Amino acid sequence: MTLKQKLILAFAFLPVLAAHAQSITPAQIEQFRSLPKAQQEALASQYGVDLEQITGSASQSRPEQPAQDVVKPLQESEQKAREAAEKQEKKDKAFAEKNNGLEPYGYELFAGTPTTFAPVTEIPVPAEYTMGPGDVLKVQLWGNKNQQLELPVSRDGTIDFPERGPVSVAGLTFQQTRDYINQLVSEQYIGVKAAVSLGELRSIRVFVLGQARTPGSYSVSSLSTITNALYVSGGIKKTGSLRNVQHKRDGKLVGTLDLYDLLLDGDTSDDARLQAGDVIFVPSVGPRAGIDGEVYRPALYEIEPGTSLDALVELAGGLTPQAYPQITRIERTNENFLRIIAEADLTENSGKQVRVKSGDRVSVASIADVTGQYVEIKGAATRTGKFAWVPGMRVSSIIRNLDADLLDFADTNYAAIVRTDPETKRISVVNLQLREAVASPGSAEDLMLQEKDQLLFFTNTGKISFNLPGGQKEGRQQQTQGSQTNRQPEAQNRDISQDEKEQKAQEELKRKAEQFTRAALFDPVLKRLKAQAGPYAPQQTLRISGPVRYPGEYPLPATGTVKNAIFVAGGLNDSASMLSAELARRYTDDNGIEQTRIIQIDLAAAMLGNSDVRLQSRDRLLIKSIPAFGANRTITLAGEVRYPGQYTFRQGETLRDVLERAGGLTDNAFPRGAVFTREKLRQLEAQRLREAEERLQGDLLGVQLKGNSFGGENAQRVEEVQGLLEDVQSSRPVGRMVIDLQAVVAETDYQAILLQDGDTLNVPTIPQAVSVFGEVQFPTSHLHSAGLTVDDYLERSGGPTRQADEERVYVVKADGSVMLPEKSAWFGSRSQKLQPGDTIIVPIDVERLNQLELWSNVSQIVYQMALGAAAVGNL
């Protein structure tokens, strides 16, 4: 090119360079490169253009295409999506329950969130790939000319090849395009070779419709297949077919895809590539059949017409080693819409060829875990389960050490062997003296085991400790007592956390121990013994009650002795009477009527093995208790008693008898003020308090609901009732019984007071005060003065309040008795003189408060209990 031509080219290129520096074609760039470098720099500097941007590689000169907007399916709001997910979850759960927990096979593989695929550039492009707009060809030239080109396919299907112009490639396969470009390079350049590859690939729009999880239009890579589009759309609904996914183009069926080929065999031969505008249509699911039991993949499978039972088993992964193929149950619906059960033998060809129908549920049976040659250990043992049995095996062969082979809370004295007769399949129970068996291997107590024997080891409840071993917890509490103020909060939190862990451990220990009690382990044995009983095979059970360690129902011992039965029940308690026991036996008389016979047993002789009584079916053995065993009757004497303390009394002893044993009263004793309390009376008072509280709460509610019907005094009335209710709730029952202690001590003809367990007697010192309680201005106690009357003491307390009921003033004497001054002939009037220790009560005027008569009774109860408590507290 001459200098003149170059100048003409430069001046022709200047407007383009200035105005469209960012959109220069590769051909123009090549022309600009042919200029001398000095001219290139001068022109770029003159027009403020980045020379590097223009003269860079072809990959940099290619115009940057804006990111393609991907059309995604419309998304619901988060709340609606959450509700839809919860609704679908409920449907799936109901569907699984309806099908006995079986789930449709394969749907979880494609389940996901709808998205899109970015253009794929990391995988090899097949030679038959069809070129189209949006694809980018990478061409590397080497030899006499080295250059890297990136040639995008324009919308008209052409590429702009340098020094050649537009070249049409749309519709050609990738291999054809490669051959064509190699031919162009060889024709245009001498000594230059080309390597052609694909860069970015175009995106295509496809439709996923039918029973897809999220049907809609999706933008995917041009290399995408049917399965890629299914992943993009979030998978297939459980109502959609996995075996008939349809691929359509221009309204015509191009092909179908059976996803079971992919899931079961990894076969992708039918997974066709997609083109723009293709439709993947998922039809509704076809016939389904379920299979469970001893197969590797229990599930619901979509079956094709004519599927055999053997083919269904293959879909489920085949039979497990525990399968029993001779019994394969098929549950199906017949022509009358009734569920019926059929059986097939999969070891026979006829069984394998049985046709499976829609809605069938196949269950492959299981063989027994161990068919023979075993013994089984259950209960409180460190190693439970089945163990190999060999002829001649004894108990000591598998239980060698009681501490190592049994749990800490296990009963090491007794165990049971449940034995099954190999011919009749009937069970019996053999009792085992466990400690003797382990201590003396090969002895008579070390019983021989038979095939399929079950050894039951039980809990010894006396060994279960619900505190830390060795009193560690108590020791730690004592150690930290009084020093909590110096401890850091972190240390205290660690102690609390440790206590919580220990509590959980003890709760778990208790729960585990309860599983291995005699009642728990013997329950299935007793049920089977009862089930196998018949007219000529009586029920081999008995019941033991009374002071034995574990009373209840037990299998009848094989020996039939009373001693062995008591051994099974854990032995006798120390309260058992050895004189006699009672055996209730059911028998049938000559008329065929069942009767009961009572048999007296010498228990001492029976425990020595000298009794000839043998236990029979359904016997009930009653062990009698020693009368009044462990009864510890005590009375507490306090106050002015010569020798106070807690005294044990005999049956029928009186209060005078115990006082004589305690040395009588002291010289400072005030017998008229003695407080004698009894537990039964305290319980009765507590019940009266509860009833009064319930009724007061109802009355209070009634006053509050009436609102202003009482005028301005209603709020005051409500407050007064609430105060009385609080008094009732804060009162504590004492259980005082009024007695004349002076007469008890001095008069022999006074009514004897028979003692009961828990009685207490508090004898105060000689008092000097008279108390005034209730509706007075200043409730208090006054020093007793001879000659003062009720009115005098009321006046000293400021007189009655406005709420006082002066007509019902009463006096509680020091001995607890109550006198009414206005009505009592003993008083005559309120001018009667009082004695030390007396208490004056001025009750509330309940008639003024809506005539609630209950309040008067309640106030008396409260005051009486308060006086009793005060008398006890003042000792």
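Above this note sits the structure.
Attention in this report is confined to the structure presented alongside it. The structure displayed is predicted, hence computed values, not measured ones.

1. Some remarks on the overall build of the protein chain
Within the protein chain, the secondary structure is distributed over 24 helices and 35 strands. Sorting the 875 residues of the protein chain into buried and exposed places 40% on the buried side. Across the protein chain, the fraction of contacts at a sequence separation of at least 24, relative to all contacts at a separation of at least 6, is 64%.

2. Side note on empty space enclosed by the protein
All told, the structure shown has 1 cavity of 30 Å³ or more when counted by the stated rule. Counted as a void, the largest cavity has a volume near 40 Å³. Forming the walls of the largest cavity are Thr654, Arg656, Val744, Tyr750, Gln751, Ala752 and Ile753. Looking at the lining of the largest cavity residue by residue, the class counts come to 4 nonpolar, 2 polar and 1 charged.

3. Observations regarding the pairing of strand β13 (residues 323-333)
Of the pairings in the sheet, the one linking β13 to strand β15 (residues 361-366) comprises 5 bridges and is antiparallel in character. Looking at β15, one finds that Thr328 is bridged to Val364. Relative to strand β14 (residues 339-344), β13 is paired through 6 bridges, and the arrangement is antiparallel. Across the sheet, the residue bridging to Arg329 is Glu343, located in β14. A loop of 5 residues connects β13 with β14, the two strands running antiparallel in sequence, and Phe337 in this loop sits at a positive phi of about 60 degrees.

4. Remarks on the nonpolar core
In this structure, Leu434, Leu449, Phe457, Phe522, Ile601 and Leu621 are the most contacted members of the largest nonpolar core, which totals 59 residues. Residues in contact with Leu434, not counting those within four places in the same chain, are Val395, Leu402, Leu406, Asp411, Thr412, Asn413, Tyr414, Ala415 and Phe457. Residues Val232, Ala289, Ile291 and Ala299 belong to the second largest nonpolar core, which totals 40 residues.

5. Examining helix α7 (residues 174-188)
Taking 1.5 Å per residue as the helical rise, α7 with its 15 residues ought to reach 21 Å, and the 21 Å between its terminal C-alpha atoms agrees with that figure. Among all positions of α7, only Phe174, Thr177, Ile181, Leu184 and Val185 are buried. Along the axis of α7, the buried residues cluster in a sector spanning 95 degrees; they form a single face. Residues of α7 that are buried in the fold lie against β1 (136-143), β3 (158-161), β4 (165-168) and β5 (192-198).

6. Side note on the pattern of salt bridges
Enumeration according to the criterion identifies 24 salt bridges in this entry. In this structure, the salt-bridge partner of Glu376 is Lys386, at a minimum N-O distance of 4.0 Å. Here Lys386 lies in strand β17 (residues 385-388) and Glu376 lies in strand β16 (residues 374-379), a separation of 10 residues in the sequence. Residue Glu553 pairs with Lys530 through a salt bridge whose shortest N-O separation is 3.3 Å. With Glu553 in strand β22 (residues 552-555) and Lys530 in helix α16 (residues 518-531), this residue pair connects regions lying 23 residues apart in the sequence. One network of salt bridges, in which partners are shared, links Arg243, Asp258 and Glu304.

Rules used in this analysis
Residues numbered from 1 in each chain as written. Predicted model: local features only at pLDDT ≥ 70, side-chain atom pairs only at ≥ 80, totals over all residues. Heavy atoms only, no water. Helix = DSSP H or I, 4+ residues; strand = E, 2+ residues; numbered from the N terminus. Buried < 20%, exposed > 50% of the residue type's maximum accessible area, 1.4 Å probe, protein only. Contact = heavy atoms within 4.5 Å. 1 Å grid on protein atoms, 1.4 Å probe; cavity = no way out; pocket = protein on both sides within 12 Å on 5 of 7 lines; lining within 4 Å. Points joined across faces, edges and corners; volume = space filled by probe spheres on them. Nonpolar A, V, L, I, M, F, W, Y, C, P; charged D, E, K, R; others polar. Pairing = 2+ DSSP bridges. Core = buried A, V, L, I, M, F, W, Y, C linked by side-chain atoms within 4.5 Å. Expected span 1.5 Å × (residues − 1). Arc of directions from axis to C-beta. Salt bridge = Lys/Arg side-chain N within 4 Å of Asp/Glu carboxyl O.

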